[in-house]
Amino acid sequence: MRVLIDFVVALHIIGIAALLGGFLGQMKAMKAGTARFVPGMLHGALTMLVTGVALVGLDQADDHPVNNVKIGIKLLFLVVILGLVYVKRDEEKVENGIFAAVGALTLANIFIATLWT
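The rules behind these values
Residues numbered from 1 in each chain as written. Predicted model: local features only at pLDDT ≥ 70, side-chain atom pairs only at ≥ 80, totals over all residues. Heavy atoms only, no water. Phe/Tyr/Trp six-rings, centres within 6.5 Å; stacked < 30°, edge-to-face > 60°. Helix = DSSP H or I, 4+ residues; strand = E, 2+ residues; numbered from the N terminus. Buried < 20%, exposed > 50% of the residue type's maximum accessible area, 1.4 Å probe, protein only. Expected span 1.5 Å × (residues − 1). Contact = heavy atoms within 4.5 Å. Salt bridge = Lys/Arg side-chain N within 4 Å of Asp/Glu carboxyl O.

Draft legend 1. Structural view of the packing of aromatic side chains. Tallied over the full model, the rule gives 2 aromatic pairs. When the centroid spacing of 5.0 Å and the interplanar angle of 25° are considered together, the rings of Phe 23 and Phe 99 count as stacked. Here the residue Phe 23 occupies a position in helix H1 (residues 2-25), and Phe 99 occupies one in helix H5 (residues 96-115), the gap between them amounting to 76 residues. Pair check on accessibility: Phe 23 and Phe 99 agree, each one buried. When the ring of Phe 37 is compared with that of Phe 99, the centres are 5.3 Å apart and the planes differ by 25°; the resulting orientation is stacked. Here the residue Phe 37 occupies a position in the loop between helix H2 (27-32) and helix H3 (39-61), and Phe 99 occupies one in helix H5, the gap between them amounting to 62 residues. Residue Phe 37 is classed as buried on the basis of its relative accessible area, which comes to 1%. Looking at Phe 99, the relative accessible area reads 0%, which means it is buried. Each residue in the set Phe 23, Phe 37 and Phe 99 is aromatic and connected to the rest through ring pairs, giving one cluster.

Draft legend 2. Broad picture of H3. The terminal C-alpha atoms of H3 lie 33 Å apart, and with 23 residues this matches the ideal 33 Å at 1.5 Å per residue to within 8%. Taken together, the buried positions of H3 are Met 41, Leu 42, Gly 44, Ala 45, Met 48, Thr 51, Gly 52, Leu 55 and Leu 58. Residues of H3 that are buried make contact with H1, helix H4 (68-87) and H5. One or two positions beyond H3, positive phi appears at Asp 63, with a value near 60°.

Draft legend 3. Inspection of the pattern of salt bridges at higher detail. Within this structure, the stated rule accounts for 3 salt bridges. Between Arg 2 and Asp 6 there is a salt bridge; the shortest N-O distance is 3.2 Å. Within this pair, Arg 2 and its partner Asp 6 are both found in helix H1, separated by 4 residues, close to a single helical turn. Assessed through its relative accessible area of 41%, Asp 6 is described here as partly exposed. One salt bridge in this structure joins Lys 88 and Glu 91, with 3.5 Å as the shortest N-O distance. Take Lys 88: its relative accessible area is 16%, and that puts it in the buried class. Linked through salt bridges whose partners overlap, the residues forming this network are Lys 88, Glu 91 and Glu 95.

All we've got here are geometric facts, nothing functional implied.
What follows is the structure, encoded as structure tokens:
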């Protein structure tokens with residue numbers, strides 16, 4: 001079971017890397033006002049959602065304690081990220097405030113995951 005959990009954690013990290021990488025790759029365009037949500041950001045957010053739900057299920061199945069408040073906050077942030085990226089995915093440029101909000105929520109999600117024990 002541990003190998004499966006570690007594999008899903010690795011996929012979860014790949015998802016966050018795709019989301020954050022897409023955001024960081026558009027930072028220069030954000031300064032110019034032409035930032036857009038690239039497909040990798042949507043795919044990364046979806047990967048995070050699927051693997052995150054799988055991780056909670058696997059941890060509970062393996063009798064590991066799950067901090068439901070932490071997971072709930074992370075899920076809320078991810079749903080907001082996913083909603084914004086999905087709705088604005090076809091636009092040629094996204095407002096800087098919305099784009100910055102996705103980046104801030106992504107970073108908050110990372111810090112919650114790593115610092116909240």
